[in-house]
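Structure at a glance
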Amino acid sequence: VHLVNQADEWGVAYDAMGHATGAMGTDVFTNGEGQWLVVGNFADEPDNLYWRRPGDAFFMELAAARGLGALTRQVLTFGTLFVDLNLDGQPELVQVNGHVENEIHRVSSQQTYAQPPQVFSYCEGCGKQWRLTDSLQDKRWVGRGLATGDFNRDGRPDLVVTQVARPAIILINQTYQSGRALAVRLEGLATNRTAIGARVEVWHQGKPLATRRQVPVRGYYSQSSPELIFGIPLSIETVTIKVLWPDGSKSTQTVTLSRERTGIRLWHPKRSGKLAQQS
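Residues numbered from 1 in each chain as written. Predicted model: local features only at pLDDT ≥ 70, side-chain atom pairs only at ≥ 80, totals over all residues. Heavy atoms only, no water.

1. Here's the deal with the overall build of the protein chain
Along the protein chain, the regular secondary structure elements total two helices and 19 strands. Computed over C-alpha atoms, the radius of gyration of the protein chain comes to 19 Å, within 12% of the 19 Å expected from 2.2 N^0.38 for 279 residues, which places it in the range of a compact globule. Considered along the principal axes of its C-alpha atoms, the protein chain spans approximately 65 × 40 × 40 Å. Per-residue burial over the protein chain gives 46% buried out of 279 residues. Excluding contacts between residues fewer than 6 apart, the proportion of contacts in the protein chain whose partners are at least 24 apart in sequence is 52%. Accessible area of the protein chain: about 14200 Å², with a carbon and sulfur share of 51%. (Helix = DSSP H or I, 4+ residues; strand = E, 2+ residues; numbered from the N terminus. Rg over C-alpha atoms; globule rule 2.2 N^0.38 Å. Buried < 20%, exposed > 50% of the residue type's maximum accessible area, 1.4 Å probe, protein only. Contact = heavy atoms within 4.5 Å. Areas by Shrake-Rupley, 256 points an atom, 1.4 Å probe, with all protein chains shown as cover.)

2. Let's talk about the pattern of salt bridges
Per the stated rule, a full pass over the model turns up 10 salt bridges. Residue Glu103 is joined to Arg106 by a salt bridge in which the shortest nitrogen-to-oxygen separation is 3.3 Å. The closest approach of N and O atoms between Asp247 and Lys270, which form a salt bridge, is 3.2 Å. Of the two residues, Asp247 is situated in the loop between β16 (238–244) and β17 (250–256) and Lys270 in the loop between β18 (261–267) and β19 (277–278); the sequence distance between them amounts to 23 residues. (Salt bridge = Lys/Arg side-chain N within 4 Å of Asp/Glu carboxyl O.)

3. Section: the nonpolar core
Across soluble globular proteins, nonpolar side chains have a tendency to be buried as a group. Counting 20 residues, the largest nonpolar core has Leu182, Val184, Leu186, Phe230 and Ile241 as its most contacted members. Every element with two or more residues in this core is listed here: β12 (179–187), β13 (199–204), β15 (228–233), β16 and β18. Setting aside residues up to four positions removed in sequence, Val184 forms contacts with Val200, Pro226, Glu227, Leu228, Phe230, Ile241, Ile264 and Leu266. Counting 13 residues, the second-largest nonpolar core is a separate cluster that includes Trp51, Leu68, Phe82 and Tyr122. (Core = buried A, V, L, I, M, F, W, Y, C linked by side-chain atoms within 4.5 Å.)

Set out below in structure tokens:
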């Protein structure tokens, strides 16, 4: 095994001022505009939001320019996830917060142990800003882990939050569904059943809509469902799924979408006799 640290070369080792941060949770999202990488940080340190264009190696730090700087500075962030809660094709950014000192308010009147979670939505027509929504702002949690999965099988991704010495929280997503849900489940080889490391791309009329990686952990010490959920605009009825499997094999499947949720199970090409199953 040979591992090389490329954080400096890619521009993600430090914040926009060149300072190291108390990084905790992190997540990645890729679409036709490029790749986004978010990092949740310690109290009094805003999130880092890195972005790079398709084909570029170097990321730019855009947290302050895109509206996340001031809104994330006070909280101490652990779990972070890009999740398409309304299935419009553009994910929201969800993060859970909570301090590590249960009496921090005695030291700093601006800080609390339990803190509000945050849900940010991306506004294309507002200068490409991430805006804080009203969702969950009345809650106070000692947030740590954050995971996602479609628990009630309605197509909308739900959330699980873990806390310190407090009960876990299950959030059933009741957001208005403004797109179609495409749920992709990969069946890999015996040595890698869930195809960790695979790249799944969804295309329409020769253009990429979104890309997901099958990864074992997202956010902060959290494993989300291996089922990959894509939000597809209602105007699109047919998509093509392209999979690059961990061993380099490739497969392609065209899918006709239902109005709400379309589930598709894709098998590794080397698993002879296994065909894609749609539900």
